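Listed below are the residues making up each chain.
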Amino acid sequence: MMARTLFPRDLFAELDRLQRDMQQRIDLTPSIRGLGRDGFPAINVGGTPQSVEIYAFAPGVDPASLDVQVEKGVLTIASERKPDTPQPDAKATPHIEERFAGRFRRVVSLPDDVDAAAIEARYRNGVLHISVPRQQAAQPRRIQIQSGDQP
Amino acid sequence: MNDTVAKQAEAAMIPPVDVFEDAAGITLYADLPGVPKDKLDLQLEADTLTIEGEVALDVPEGMDATHAEVSLPRYRRSFTLSRELDTGKVSAEFRDGVLKLRIPKAEHAQPRKIEIKVA
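Just so we're clear, the structure is a prediction, and the values are computed from it rather than from any experiment.

Novice: Report on the sheet that holds strand β6 (residues 102–109) of chain A, specifying residues and quantitative values.
Specialist: Residue and element names in this part refer to chain A. What the 3 strands build is an open sheet, ordered β3-β4-β6; its pairing is antiparallel. The sheet is open, and its two edges are formed by β3 (67–71) and β6, each paired on a single side. Along the sheet, successive strands turn relative to each other by an average axial angle of 15°, direction set aside. Inspection of the sheet shows strand β4 (residues 74–81) paired to β6 by 8 bridges, in the antiparallel sense. Across the sheet, the residue bridging to Ser79 is Phe104, located in β6.

Novice: Quick rundown of the nonpolar core? Include the residues and the values.
Specialist: In this structure, A:Ile43, A:Ile54, A:Tyr55, A:Ala56, A:Phe57, A:Val108 and A:Leu128 are the most contacted members of the largest nonpolar core, which totals 18 residues. Contributing elements (two or more residues each) for this core: β1 (42–47), β2 (51–57), β4 and β8 (127–133) of chain A. The element that contributes the greatest number of residues to this core is β2(A), accounting for 5 residues. The residues contacting A:Phe57, other than those within four sequence positions of it, are A:Pro41, A:Ala42, A:Gly126, A:Val127, B:Pro33, B:Gly34 and B:Val70. Core analysis: the next-biggest nonpolar cluster, separate from the first, contains 15 residues, B:Leu32, B:Ile51, B:Val55 and B:Leu101 among them.

The rules behind each value
- Residues numbered from 1 in each chain as written.
- Chains lettered and ligands numbered in written order.
- Predicted model: local features only at pLDDT ≥ 70, side-chain atom pairs only at ≥ 80, totals over all residues.
- Pairing = 2+ DSSP bridges.
- Helix = DSSP H or I, 4+ residues; strand = E, 2+ residues; numbered from the N terminus.
- Axes fitted to C-alpha atoms, helices over the stretch in contact; angles between N-to-C directions.
- Core = buried A, V, L, I, M, F, W, Y, C linked by C-beta atoms within 7 Å.
- Buried ≥ 20, exposed ≤ 12 C-beta atoms within 10 Å, placed from the backbone.
- Contact = placed C-beta atoms within 7 Å.

Here is the structure:
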């Protein structure tokens, strides 16, 4: 795919541009809040004609402490994960510490056609599954015509 | 190729872990979100501990993925255990996608205070 360029350049510059173009397509949703890779919780988003499905992989979080909010078409998932460090009197030595601990917040932009009032969220096996239904398309309705006889 | 080998060849994610050691043994925590209890597999073979889990999500029919940070359906990670650990007494808990393993040290490997006699 050769793009029309304002200033035609050499072939290598064009290849370079193509490569960057491809890279950008591979990188998912460049966001102003960073790439969100290795973020906690990891998020998967999928869609069906009836709904938008969001899966947040947040193991070991107290479901009661999970805060899910929708404001102006942006869904926010926030909470805190307590560290599982042993009691200090156990005199334990950490060998590997890779798991996330602390406060977290992630946001997902929702499409315009969702019904924010009917969102459902479940926490199961460490995954928060949020189902956001799309608005029902206007149902076909028969309109009754009233007679114009006024008393 | 047998079934185990085929399973091993499948691509898997490496779950993050925390490992702590105290005088009586080792405690391991692993994050395996999305794995139901019956899809978690713990194996001890000689001195190798393997944690494997299959992700099962509640996905509606006909869903198209638009963004995926978790893109593989499996977790796998292996650890080599040292000889003083008592593999016969490993206990495991699995709750909300977090696995907690406790591997005690064999009795002969437990610390003992050595009394020093003064002549």
